[in-house]
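Listed here are the chains, written in short residue letters.
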Amino acid sequence: MTNRNIPHDKNLDNSLTLLQEGYLFIKNRTEKYQSDLFEARLLGEKVLCISGEEAAKVFYDDSLFQRKGAAPKRIQKSLFGKNAIQSMDGEAHIHRKLLFMSLMTPPHQKRLTKLAIQEWEALIPKWEGAKHVVLFDEAKKLLTRIACKWAGVPLKESELEERAEDFYAMVDAFGAAGPRHWKGRRARSRTEEWVKSIMEGVRNGTYSAEKGSALYEMAFHKELNGRQLDVQMASVELINVLRPIVATATFIVFAAVAVHEYPEVKQQLQSGPPEYLEMFAQEVRRYYPFGPFLGARARKNFTWKEAEITEGMLVLLDMYGTNHDERLWSSPNEFRPERFKDWDGSLFDFIPQGGGDPAKGHRCPGEGITVEIIKTSINFLVNFLNYNVPVQNLNFSLSRMPSLPESGFVMDNIRKK
């Protein structure tokens with residue numbers, strides 16, 4: 001039954017259109033209908049699409065929505081893993097979320113960023129002798145190396161490139177059909193088998209794991225019923241710690257593009273106040289595309305803005321559109337780090353990695369790590385290096401999910417300052 005009081009797309013199914021329009025699918029229609037919500041059909045299912053700060057507040061109300069059954073199986077088989085934390089609700093979700101939060105504290109962030117600084121600086125001699133460097137490729141490998149070292153996961157240098165490619169292939173698959181999706185599924189299978197063998201080794205004593213490390217804590221975590229996670233689930237959740245760190249390579253590349261395209265920004269990063277780096281990192285996360293939308297299912301029947309939402313209905317929250325909502329952000333399509341100088345830290349108007357309280361809800365617990373890695377990486381590029389940016393295609397498509405500058409950001413004539 002269609003909600004007659006709200007706009008609805010008249011197409012029989014919007015699945016193909018969603019793949020064609022990508023990040024702008026929901027935003028195009030909220031602007032067309034001048035409404036924060038509309039109905040559409042995706043994969044034959046009636047779906048409510050919502051956008052904006054009020055929408056985010058409703059979406060993150062756990063009395064109204066749950067995550068169980070929201071993520072399609074194809075996403076679980078590539079990006080998240082089957083039955084992982086992203087599909088949990090209630091006390092069980094909060095209990096496991098606290099495990100993730102315990103691994104993302106400021107001391108953990110500091111240790112990870114220290115590793116990042118060391119690894120970036122170690123690359124200088126190699127880069128100085130290279131004809132050119134593709135930043136995206138280098139960032140994926142560096143982030144894989146530091147993520148594993150930080151988490152206590154043994155990683156051979158000979159397998160670094162393969163592991164880095166697999167971690168990102170899982171991310172690259174979420175908005176894809178065909179070869180990209182299947183590549184992501186194969187990457188997940190390989191990664192799960194690799195991590196599972198390590199997890200089994202920790203439990204049987206073949207590998208040692210330092211208490212407090214992500215590997216140790218996942219290996220010996222106990223659920224509310226007092227039982228340890230089975231090896232498969234512990235491996236899936238450890239990947240859900242490592243994979244997002246590697247995915248930060250996307251933000252690093254977009255940040256490098258911003259430095260290149262906005263000379264005044266580069267100047268501020270070099271000689272402006274220290275807090276400018278924080279504002280810059282947040283504006284990179286707001287302005288450039290990362291996650292397009294999130295899904296949840298209604299726990300019960302209720303009405304919001306004249307829409308009759310029925311129990312089990314799938315609702316999609318527009319992340320990209322909310323981060324570019326002109327009611328929330330002045331001139332949202334301009335890159336302006338200064339906008340974050342007086343930002344009040346709202347949990348619902350800025351949602352590049354989800355909204356709400358990260359300790360209790362489904363906002364990404366690793367946001368702090370993401371911001372610190374962006375800051376560390378850009379500080380390195382701006383204040384430790386001189387380099388040229390040759391002519392290349394730095395355009396990125398909003399129809400491709402996830403998006404990335406076409407060239408991956410090529411640098412040449414690199415030398416240490």
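Keep in mind that what you see is a predicted model, and the values were worked out from it rather than measured.

So, how was this worked out
- Residues numbered from 1 in each chain as written.
- Predicted model: local features only at pLDDT ≥ 70, side-chain atom pairs only at ≥ 80, totals over all residues.
- Heavy atoms only, no water.
- Helix = DSSP H or I, 4+ residues; strand = E, 2+ residues; numbered from the N terminus.
- Buried < 20%, exposed > 50% of the residue type's maximum accessible area, 1.4 Å probe, protein only.
- Contact = heavy atoms within 4.5 Å.
- Expected span 1.5 Å × (residues − 1).
- Pairing = 2+ DSSP bridges.
- Axes fitted to C-alpha atoms, helices over the stretch in contact; angles between N-to-C directions.
- Left-handed = near helix turned anticlockwise from the far one by under 90°.
- Nonpolar A, V, L, I, M, F, W, Y, C, P; charged D, E, K, R; others polar.
- Core = buried A, V, L, I, M, F, W, Y, C linked by side-chain atoms within 4.5 Å.

Trainee: Could you give me a rundown of the environment of L103, with the residues and numbers involved?
Mentor: One can find L103 in the loop between α5 (90–102) and α6 (106–128). Under the relative-accessibility criterion, L103 is labelled buried at 1%. Separated by 271 residues in sequence, L103 and I374 have C-alpha atoms that sit 19 Å apart. The residues touching L103, leaving out its near neighbours within four places in the chain, are H108, W150, G212, S213, A214, E217, M218 and V241.

Trainee: Describe helix α7 (residues 135–151), and please don't skip the residues or the numbers.
Mentor: Between its first and last C-alpha, α7 extends 24 Å over 17 residues, near the 24 Å set by a 1.5 Å rise per residue. Most of α7 sits out of view: 14 of its 17 residues are buried. Looking at the residues trailing α7, positive phi occurs at G152, about 85°.

Trainee: Go over the sheet that holds strand β5 (residues 293–298), please, and point to the residues and values.
Mentor: As summarised here, the arrangement of the five strands in space is β1-β2-β8-β5-β3, forming an open sheet in which the pairing is mixed. In this open sheet, the two edge strands, each paired with only one partner strand, are β1 (37–42) and β3 (65–66). One ladder, built from five bridges, connects β5 with strand β8 (residues 314–318); its direction is antiparallel. Looking at the pairing, R297 lines up with L314 of β8. Where helix α2 (residues 25–33) meets the sheet, its contacts fall on β1, β2 (45–51), β5 and β8, and the angle it forms with β1 comes to roughly 135°.

Trainee: Give me the packing of α7 against helix α11 (residues 231–261): which residues, what numbers.
Mentor: Relative orientation of the contacting elements α7 and α11 amounts to 145°, with a least axis distance of 8 Å. Like other packed secondary-structure pairs, α7 and α11 cross with a definite hand, here right-handed. Within the contact between the two elements, α7 uses L135, F136, A139, K140, L143, T144, A147, C148, W150 and A151 and α11 uses V241, L242, I245, V246, T248, A249, T250, I252, V253 and A256. Per-class residue counts for the contact of α7 with α11 are 16 nonpolar, three polar and one charged.

Trainee: I'd like to hear about the nonpolar core, residue by residue, with values.
Mentor: Residues W120, W127, L135, F280, I378 and L381 are the most contacted members of the largest nonpolar core, which totals 99 residues. Broken down by element, this core gets its largest block of residues, 21 residues, from α11. The contacts of L135, once residues within four sequence positions are left out, are W120, W127, I252, V253, A256, L381, G408, F409 and M411. Ranked by size, the runner-up nonpolar core spans 23 residues in total, among them A55, A56, L64 and M313.

Interpretation in functional terms is not warranted from these geometric data alone.
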